[in-house]
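Tertiary structure, described
Here is what each chain is made of, one letter per residue.
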Amino acid sequence: MVAAIILWAVMREESHYRPDVFSIAGAQGLMQIMPATGEDIANRLRVSYTNADMLNPEKNIRFGTFYLGSMLNMFSGDLDKALAAYNGGPGNVRKWSGTSIGSTPEGFPTSIAFMETRRYITKVRNTYYTYLWLYED
């Protein structure tokens with residue numbers, strides 16, 4: 001249940017559940033997949049891919065779930081780092097993590113150079129905790 005809730009939180013903050021939305025940067029669909037990321041995911045999953053596929057909710061969620069899972073694996077389950085990578089790129093997360101302040105879980109959010117990414121982590125976490133509260137057993 002917790003894993004599903006984080007996906008719902010990401011979708012809310014990425015697209016407000018609109019499957020046909022495009023970002024200024026070119027990200028598409030419910031989970032806002034960039035075309036190059038979509039191609040990479042398709043290659044890893046060994047499935048066909050066109051940019052239009054990201055407007056298909058089922059495929060977009062599949063790709064977004066795969067990518068977020070990859071970021072969680074890459075950053076050893078650290079949700080803040082995985083969310084920062086989902087939004088700002090894994091290379092940037094490695095760079096921010098390599099700073100003295102970014103090397104600790106408490107300091108990492110402060111080390112993020114992109115204000116949008118800092119806000120993104122906060123928004124997704126707030127939505128996540130709200131959903132946990134609403135849907136807890």
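For the structure given in this document, a descriptive report is provided here. What you are looking at is a predicted structure, and each value in this text was computed from that prediction instead of being measured.

Here we come to the layout of surface pockets. Estimated volume of the largest pocket: approximately 430 Å³. Looking at the largest pocket, it is lined by 21 residues, and the ones nearest its centre are E14, Q32, Y86, N87 and E116. Elements that contribute at least two residues to the lining of the largest pocket include exactly α1 (2–15), α4 (79–88) and α7 (115–135). At five residues, the largest contribution of residues to the lining of the largest pocket is made by α7. In the lining of the largest pocket, the residues fall into nine nonpolar, seven polar and five charged.

Attention shifts here to the nonpolar core. Counting residues in hydrophobic clusters, the biggest one holds 33 residues, and the most contacted among them are V10, M31, L68, L83 and Y86. Looking at this core, the elements with two or more residues in it are α1, α2 (35–45), α3 (57–74), α4, α5 (90–97) and α7. Setting aside chain neighbours within four positions, we find Y86 in contact with V10, E14, M31, I33, G64, Y67, L68, M71 and Y120.

Let us look at the packing of α3 against α4. Closest axis-to-axis distance for the α3/α4 pair is 8 Å, and the angle between their directions is 130°. One finds that α3 runs oblique with respect to α4. You can see that α3 and α4 cross each other, and the crossing is right-handed. Contacts from G64, Y67, L68, M71 and L72 in α3 reach L79, A82, L83, A85 and Y86 in α4.

Here the focus is α5. By the burial criterion, the buried members of α5 are P90, N92, V93, W96 and S97. Burial along α5 is one-sided: seen end-on, the buried residues are contained in an arc of 155°.

Here we take up the pattern of salt bridges. On inspection of all chains with the given rule, the structure shows four salt bridges. As a salt-bridge pair, D40 and R44 come within 3.0 Å of each other at their nearest N and O atoms. Placement of the pair is D40 and R44 together in helix α2, with a separation of four residues, close to one helical turn. The exposure class of R44 is partly exposed, given its relative accessible area of 48%. Residues D80 and R125 are paired through a salt bridge, measuring 2.6 Å at the closest nitrogen-oxygen approach. Here D80 is found in helix α4, whereas its partner R125 is found in helix α7, with 45 residues between them in sequence. Relative accessible area serves as the criterion here: at 13%, D80 is assigned to the buried category.

Reading the values: the criteria
Residues numbered from 1 in each chain as written. Predicted model: local features only at pLDDT ≥ 70, side-chain atom pairs only at ≥ 80, totals over all residues. Heavy atoms only, no water. 1 Å grid on protein atoms, 1.4 Å probe; cavity = no way out; pocket = protein on both sides within 12 Å on 5 of 7 lines; lining within 4 Å. Points joined across faces, edges and corners; volume = space filled by probe spheres on them. Helix = DSSP H or I, 4+ residues; strand = E, 2+ residues; numbered from the N terminus. Nonpolar A, V, L, I, M, F, W, Y, C, P; charged D, E, K, R; others polar. Core = buried A, V, L, I, M, F, W, Y, C linked by side-chain atoms within 4.5 Å. Buried < 20%, exposed > 50% of the residue type's maximum accessible area, 1.4 Å probe, protein only. Contact = heavy atoms within 4.5 Å. Axes fitted to C-alpha atoms, helices over the stretch in contact; angles between N-to-C directions. Parallel < 35°, antiparallel > 145°, perpendicular 65-115°, else oblique. Left-handed = near helix turned anticlockwise from the far one by under 90°. Arc of directions from axis to C-beta. Salt bridge = Lys/Arg side-chain N within 4 Å of Asp/Glu carboxyl O.

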